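For reference, the chains in residue letters:
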Amino acid sequence: LTLRKDPVKPPRRDYRRYVELEIKHGRIAMLACTGIFTTEAGFRWPGYLSKSLDLKFADIPGGPVDSWAAIPTLGWFQIVGFVVFLELAYGQQDPNKEPGDIGGPSWIRYENPDVKAYKLNIERN
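Residues numbered from 1 in each chain as written. Predicted model: local features only at pLDDT ≥ 70, side-chain atom pairs only at ≥ 80, totals over all residues. Heavy atoms only, no water.

## Structural notes on the overall build of the chain
Put simply, the rule reads: In this text, helices come from DSSP runs of H or I with a minimum length of four residues, and strands from runs of E with a minimum of two, each type numbered from the N-terminal end. What makes two residues a contact is simply this: any of their non-hydrogen atoms within 4.5 Å. Each accessible area is a Shrake-Rupley estimate made with a 1.4 Å probe; only the visible protein chains count as cover when residues are assessed.
The secondary structure content of the chain amounts to four helices and two strands. Counting from the amino terminus, the chain carries its helices and strands in the arrangement α-β-β-α-α-α. In the chain, the share of contacts with a sequence separation of at least 24, taken over all contacts with a separation of at least 6, comes to 34%. By element, 63% of the accessible surface of the chain is carried by carbon and sulfur atoms, the whole surface being about 10,500 Å².

Shown next, in the form of structure tokens:
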């Protein structure tokens, strides 16, 4: 048994990356909760989720586990593929901007730096 001062040096953890991920996961969680609330309230898209399986959006239950089980596997692949596309196309963090300040020119921008800092920080707290 050998005792060394620093046997395994862990990889450097970048605090900025953690802040970016915290904001991104918070936004995803807010969208997921909004989806559960709206489906539990009875709001559904009109039409078919899967025409070949004769599965309408109205047939999907509102709960998170029940709705997960009711959606066909190919539908989940489409959802994951769309999320990956959004992540790669629009979700990349510009290193020159503050963490969480993503999106194109159509997103709201705050000219006042204090308001911008407040809005970006409020998502983390």
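## A word on a nonpolar patch on the surface
Applied cut-off: Patch definition: residues with relative accessible area over 30% and no salt bridge; like charges joined within 9 Å; nonpolar side chains (Val, Leu, Ile, Met, Phe, Trp, Tyr) joined within 5 Å. By salt bridge we mean one thing: a side-chain nitrogen of Lys or Arg within 4 Å of a carboxyl oxygen of Asp or Glu. Any residue under 20% of the maximum accessible area for its type is buried, any over 50% is exposed, and the rest in between are partly exposed; the area is computed with a 1.4 Å probe on protein chains only.
A surface patch of nonpolar side chains, amounting to about 600 Å² of accessible area, comprises I79, F82, V83, F85, L86 and Y90. Along the polypeptide, F85 turns up in helix α3 (residues 73–89). Exposure remark for F85: the relative accessible area of 47% places this residue in the partly exposed category.

## Brief notes about the pattern of salt bridges
According to the stated counting rule, one finds three salt bridges in the structure shown. For E20, the salt bridge is made with R17, and the minimal N-O distance between the two is 3.5 Å. Of this pair, E20 and R17 are both found in helix α1 (residues 15–40), three residues apart, which corresponds to roughly one turn of the helix. What emerges from the salt-bridge pattern is a single network uniting R16, R17 and E20.

## Concerning unusual backbone geometry
Note: most peptide bonds trans; most residues except glycine with negative phi. Backbone geometry places D54, a non-glycine residue, at a positive phi of 55°. With respect to the element layout, D54 can be found in the loop between β1 (48–50) and β2 (55–56).

## Some words on the layout of surface pockets
Remark: the empty space left among the atoms is shown by a probe the size of a water molecule rolled over them. Going by this rule: Here a cavity denotes a set of grid points, spaced 1 Å apart and computed over the protein atoms alone, in which a 1.4 Å probe fits but from which it cannot get out, and a pocket denotes an open set meeting protein on both sides within 12 Å along at least five of seven lines; residues with an atom within 4 Å of a point are reported as lining. Grid points are joined across faces, edges and corners, and a volume is the space filled by probe spheres set on the points.
Considering only enclosed or pocket space, the largest pocket measures out at about 1,700 Å³ in volume. Along its surface, the largest pocket is lined by 45 residues, and L31, A32, I79, F82 and V83 are the ones closest to its centre. Secondary-structure elements contributing two or more residues to the lining of the largest pocket are α1, β1, α2 (64–70) and α3. For the second largest pocket, the calculated volume is near 290 Å³.

By themselves these figures say nothing about function.
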